[in-house]
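What the coordinates show
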Amino acid sequence: MAKAKTNTEDYLRMYRQMVRIRTFEDNANQLYLSAKMPGLTHMYSGEEAVAVGICEALTDDDRITSTHRGHGHCVAKGAEFREMFCELLGKEEGYCRGKGGSMHIADQSHGNLGANAIVGGSMGIATGSALRAKLQGKDDVTVCFFGDGATAQGLWYEVMNMAALWNLPVIYACENNGYSEYTKTEEIAAGSIMARAEAFGIESHQVDGQDVMAVNDLTRKLVDRARKGEGPFFMELMTYRYHGHHVGDINREYYRSKDEEKDWKENKDPIIRFRAWLVSEGIATEEEIEAMNAEIEKDATEAVAYAEKAPYPPANEVDMHVYAD
Amino acid sequence: MREITLSQAVNEALAEEMRRDETVFILGEDVAEAGTPFKVLSGLVEEFGTDRVLDTPISEPGFVGIAVGAAMTGARPVVDLMFGDFIYLVMDQLCNQAAKQHYMSGGKLTVPMVLRTNLGATRRSAAQHSQSLQALVAHIPGLKVALPSSAYEAKGLMKTAIRDNNPVVIFEDKLMYQDKAPVPEEEYLIPFGVANVKREGRDITLIATSSMVQVAEKAAAMLEKEGIDAEVIDPRTIVPLDEATLLDSVKKTSRAIVIDEGHQSYGVTAEIAARLNEKAFYHLDAPVLRMGAMDVPVPFSPALEDLTVPTPEAVVENARKLCAGELIHAA
Amino acid sequence: MPHDETSGFRPHDVTMPQLGMAQDAGKIVSWLKSPGDAVSRGDALFEVETDKAVMEVESPADGFLTGVSYGEGEDVPVGQVIARISDSAEDDGAPAPEPAATGKASDALPEGHTVTMPQLGMAQDTGLLVNWLKAPGDEVAADDILFEVETDKSTMEVEAGRKGFLAATLAEAGEEVPVGDPVAIISDARPEAPVARSAKDGGAPPAPAAPVPAGKDTTEAPAKPAAAAPAPKAPSARGGRILASPKARRLALEQGLDLNRLAEAGHPQPFHVADLEVLRTMPSPAPASAPSETPRRLTATCAVDGLSAFVPWAAETQGLAPDAILAGLAGASLGADGSVTVVVERLGLTRSFSVPPGRSLSAVAETDDAPALIVRDLRGTPISTVALGSEQTPVLTVTDAAAGLVITLECAASALDATAAIRLLTEFAGRMEQPLRHLL
């Protein structure tokens, strides 16, 4: 049946995207640890289902704003490995001509308004994008990714308030991975996170962030309604990050146990789960999946090699783009 | 030529640009029916509707952030920040986000927004509603800063600001909203980075911004009676700054005083004076002086407040000393 | 008889000239003229020895050599008058009166040690000479009392202070003499004509005006410096540093104005452009005489033209051309370490020679290089004296004299210093007189 076939493609693509994110992050991690990547970077590994589940429900016209932990969103919204690795290494062919780096990576062609190094810094931008859509009578939706730690930023409440007042087509997606840097979420967020959004009269949902299908289903529904002007909405996605806050930071055992990590990795991994489901539903065989993984691995390796050899932007670009023409 | 107030001039500029380009919209506190407490925006909501003249809650960071996002995705917002003093609240959205998006994205994202706010003391509004903070934002690469000195400048600079594809901060002198000046009926724009020589002179250059342009002009009139011929220049925008005109003037007169209502220390006057020093050093027959507001929070009491800002008399005294070759400070 | 200053003829002093940078005296080697001789301007009067060479000093004017006051073998300080050129041979030879001299016949005083009126007391500035205890011509011992002076307290005895003869008394008993003024002269040798004068005659040339006699208390407070008109507490140049605006400095530089002069004049600093006007109207300082800028002209005489006899012999035995020989002698006289290019101008022809170091005239060869020295051979022409001015290159001009040759060296001060000029001319003249000396 056509529909099932379409769904199959969708499922396979969702799987592929998650693997691409994981693969990208593994490579990025290696680049960083082998001192080939300058600056700071933050791994998304473990949260793939969140980015993929949501972004698969969006078109290129829909916008997202990302966070410092933004590689996952970037890949999920359609970015290519090569340009991403180039950007992370500060090369000219990067999405931002090397000027943004990991923390500011943006891909306008696919509607990614950019990662942001300021926690909560893009909440205003996302809301503004939604306002523009409404004012201009467009039906694109903006998804605002942020972490549980960002719920401590005053800006969120200001913009949620206005989003709610003006019925803006924005979906606030809180990736609750249980930790705000090195502190457990319950120690930095009083009361309930969901209730915060609900206090503004914003319809709020909580979902298992490691279940890509659940995330995707929910997102589709909310996006649909947002396009009709029923927004804003709030999603709290319960997830987990495998790595530290940023690569090379403190020993995680200071703030969480190895057992906990093991539990999430072995029992709740979104890729393992989805893979099992695909196989059990007959959508793909193990061999096909292995082949897919291998291909993605190869793509990544090639992209890394390419990026390593790619040139830096010329010196005269240092003072370009301060002002637009 | 007809004369209109600065308030009317700003209103006209906004109305004309909103008619011209439907992506232009206004947001801020009390901008709609109230037309802002300064009544600058009266009538706009009637013409353009609440979709394009949006009242916001008292959430400066929030609505400036929203303006940034709207600008990044295809709109041209004009944000009304009720008092220049509130600029501290919006610094992250203005300076970390708006100012840097174009650069951080390698030129792919633009933020064509205008932040309309004000400056100026002597209104008895006390320390937190009387500041002139143009130096703060002029310091940030990626922002442009305009300082209209009359109704004529206000209209021309506002139109240019709205059409500029960069984040522009315009400071209006809140004391001048009811001051009239000749403003053409026909459309005109004032380009950024072009200074206006308001009065030609041979003996000393007075460079003044915004509220201080009148002060300089009054001082020039007083100096004329003493036989000192002062040249008065209004830079109009400090970012970009028309250095060439300022330098030409100083090379002609060999003396300069820079007057701005920001605080005396670490401000606009220091930057301009430094540039004159660097680039016209061998033409200087006297040190370049800075005159700004006193380095004190603006006091409430009328007896005290007026002491804190440059006056024509103070300018005259300094100009006299410079022309006489008198030492103002230790040699 | 004394000269009549109104006759219109000024006697010319003949002084010991400046000989070289560090030299401040010269020894008269020999007089070439005798007192009373008629001399022409430019005639050599005497020879003086410097530490490098013997130099001739010429007569500055036509006239008669008179007033010769230094003899052969004597060392004379530079600038000292040695003789005079007068309009008659019978001049008594007294040196021309010094312009600054006041008082008549002041130079008639015998030589000796001057005894002055001593400091008598704090507030006293003259002393009454009561009486002399010695007479002019008397021999005195150092501790002999010469005269008595009355102070306001008592009468003071003044000793001779040195052994000798009282050659002159310059004040009479009863006269008031200012403290520090000369009162007597004690000579080493018995004076032939002891002098007795009164203080009113002027005594010895009075001490130059102004300085307060030594030891006298100046009771006057120093005059207050005029207050600077504008109040700016402008400090004067600190450690020699002048404070001026950048524009003032630039304009001063461009217009060749010296801000130091403004500072020295005490003009208040810092200087601005307006102050340059003051500088412009200041009288320009007398240009420091730069003796080194005056072109040099020296002349030497050769008693005989030794070269004219030498040339035929050299042509016959060595095959040397006259001009090459001339160039070789001149080049060698420069005393340079390397080759020297010498141009010889004679009879309208110019030839250029390279003279290698060493004395071999046969090694002199023609060349095209620019010369370091030019020799103008004017022998056989009617020209006897040249004063052609200095050119870029030093020029030795050889002219016939009544007997022998006159060789004139002219060059810019910067081309040869005095010592080098003297040496060049001395050597060349020597060679021209006795070429064989060159070969030794």
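Up top is the structure these notes are about.
Notes on the structure follow.

Digging into the overall build of chain C
For chain C, the helix and strand inventory stands at seven helices and 24 strands. Across chain C, the fraction of contacts at a sequence separation of at least 24, relative to all contacts at a separation of at least 6, is 56%. Roughly 24,300 Å² of accessible area belongs to chain C as shown, and the carbon and sulfur atoms make up 53% of that amount.

Some details on the nonpolar core
By size, the foremost hydrophobic cluster in this structure holds 184 residues, and its most contacted members are Ile 54, Tyr 172 and Phe 234 of chain A together with Ile 87 and Leu 276 of chain B. Ranked by the residues each element gives to this core, the list is headed by helix α1 (residues 2-33) of chain A, at 10 residues. With sequence-adjacent residues up to four places away left out, Ile 87 of chain B is seen in contact with Leu 81, Leu 94, Leu 115, Leu 133, Leu 136, Val 137, Val 169 and Phe 171 of chain B. By size, the runner-up hydrophobic cluster in this structure holds 55 residues, among which are Met 16, Met 55, Ile 82 and Leu 307 of chain C.

A word on the interface of chain B and chain C
Taken together, the contact between chain B and chain C spans 11 residues of the former and 10 residues of the latter. Taking both partners together, chain B and chain C bury about 940 Å²; carbon and sulfur atoms supply 60% of that area. Inspection of the region where chain B meets chain C yields zero salt bridges. Between the two partners, chain B and chain C, sit five residue pairs in polar contact (both at pLDDT 80 or more). For the side of chain B that touches chain C, the per-class residue count stands at six nonpolar, three polar and two charged.

Some details on empty space enclosed by the protein
Residues and elements named next belong to chain B. What the rule picks out here adds up to four cavities of 30 Å³ or more. Considering only enclosed or pocket space, the largest cavity measures out at about 90 Å³ in volume. In terms of lining, the largest cavity is formed by 13 residues, of which the most central are Ser 130, Glu 261, His 263, Ala 293 and Val 298. Among the elements that take part in the lining of the largest cavity, strand β13 (residues 256-263) stands out by supplying three residues, more than any other. Broken down by class, the residue content of the lining of the largest cavity amounts to six nonpolar, six polar and one charged. Empty space within the second largest cavity amounts to approximately 60 Å³. Every residue lining the second largest cavity is listed: Thr 36, Pro 37, Phe 38, Asp 80, Leu 81, Met 82, Arg 116, Thr 117, Asn 118, Glu 172 and Tyr 177. Looking at the lining of the second largest cavity residue by residue, the classes come out as five nonpolar, three polar and three charged.

Here's the deal with the packing of helix α10 (residues 270-280) of chain A against helix α11 (residues 286-309) of chain A
All names here are of chain A. Across the interface, α10 lies against α11 with an axial gap of 9 Å and an inter-helix angle of 140°. As far as their axial angle goes, α11 and α10 are oblique. Between α10, through Arg 275, Leu 278 and Val 279, and α11, the contact on the second element is made entirely by Glu 286, Ile 289, Glu 290 and Asn 293. Across the contact of α10 with α11, the residue classes tally to three nonpolar, one polar and three charged.

Notes on the environment of Leu 322 of chain B
With respect to the secondary-structure elements, Leu 322 of chain B resides in helix α12 (residues 312-324). Non-local contacts of Leu 322 of chain B, meaning those with residues more than four positions away in its chain, are made with Ile 204, Arg 255, Ala 256, Ile 257, Ala 286, Pro 287, Leu 289 and Ile 328 of chain B.

Quick word on the pattern of salt bridges
Evaluation of the coordinates by the stated rule reveals 55 salt bridges over all chains. With its nearest N and O atoms 2.4 Å apart, the salt bridge here joins Glu 317 of chain A to Arg 97 of chain A. Here Glu 317 of chain A is found in the segment after α11, whereas its partner Arg 97 of chain A is found in the loop between α4 (81-88) and α5 (123-135), with 220 residues between them in sequence. Arg 97 of chain A sits in the partly exposed class, given a relative accessible area of 26%. Arg 163 of chain B is paired through a salt bridge with Glu 187 of chain B; the nearest N and O atoms lie 3.0 Å apart. Taken as a pair, Arg 163 of chain B in helix α7 (residues 151-163) and Glu 187 of chain B in the loop between β8 (180-182) and β9 (196-199) lie far apart in primary sequence, 24 residues in all. The exposure class assigned to Arg 163 of chain B is partly exposed, which follows from its relative accessible area of 27%. Overlapping salt bridges, with partners in common, bring together Arg 2, Glu 12, Glu 16, Glu 17, Arg 20, Lys 155, Lys 159, Arg 163 and Glu 187 of chain B in one network.

Cut-offs used in this document
- Residues numbered from 1 in each chain as written.
- Chains lettered and ligands numbered in written order.
- Predicted model: local features only at pLDDT ≥ 70, side-chain atom pairs only at ≥ 80, totals over all residues.
- Heavy atoms only, no water.
- Helix = DSSP H or I, 4+ residues; strand = E, 2+ residues; numbered from the N terminus.
- Contact = heavy atoms within 4.5 Å.
- Areas by Shrake-Rupley, 256 points an atom, 1.4 Å probe, with all protein chains shown as cover.
- Core = buried A, V, L, I, M, F, W, Y, C linked by side-chain atoms within 4.5 Å.
- Buried < 20%, exposed > 50% of the residue type's maximum accessible area, 1.4 Å probe, protein only.
- Buried area = accessible area lost by both parts, 1.4 Å probe.
- Salt bridge = Lys/Arg side-chain N within 4 Å of Asp/Glu carboxyl O.
- Polar contact = N/O pair within 3.5 Å; in protein donor to acceptor, adjacent residues only side chain to side chain.
- Nonpolar A, V, L, I, M, F, W, Y, C, P; charged D, E, K, R; others polar.
- 1 Å grid on protein atoms, 1.4 Å probe; cavity = no way out; pocket = protein on both sides within 12 Å on 5 of 7 lines; lining within 4 Å.
- Points joined across faces, edges and corners; volume = space filled by probe spheres on them.
- Axes fitted to C-alpha atoms, helices over the stretch in contact; angles between N-to-C directions.
- Parallel < 35°, antiparallel > 145°, perpendicular 65-115°, else oblique.

Keep in mind these numbers describe shape, not what the thing actually does.
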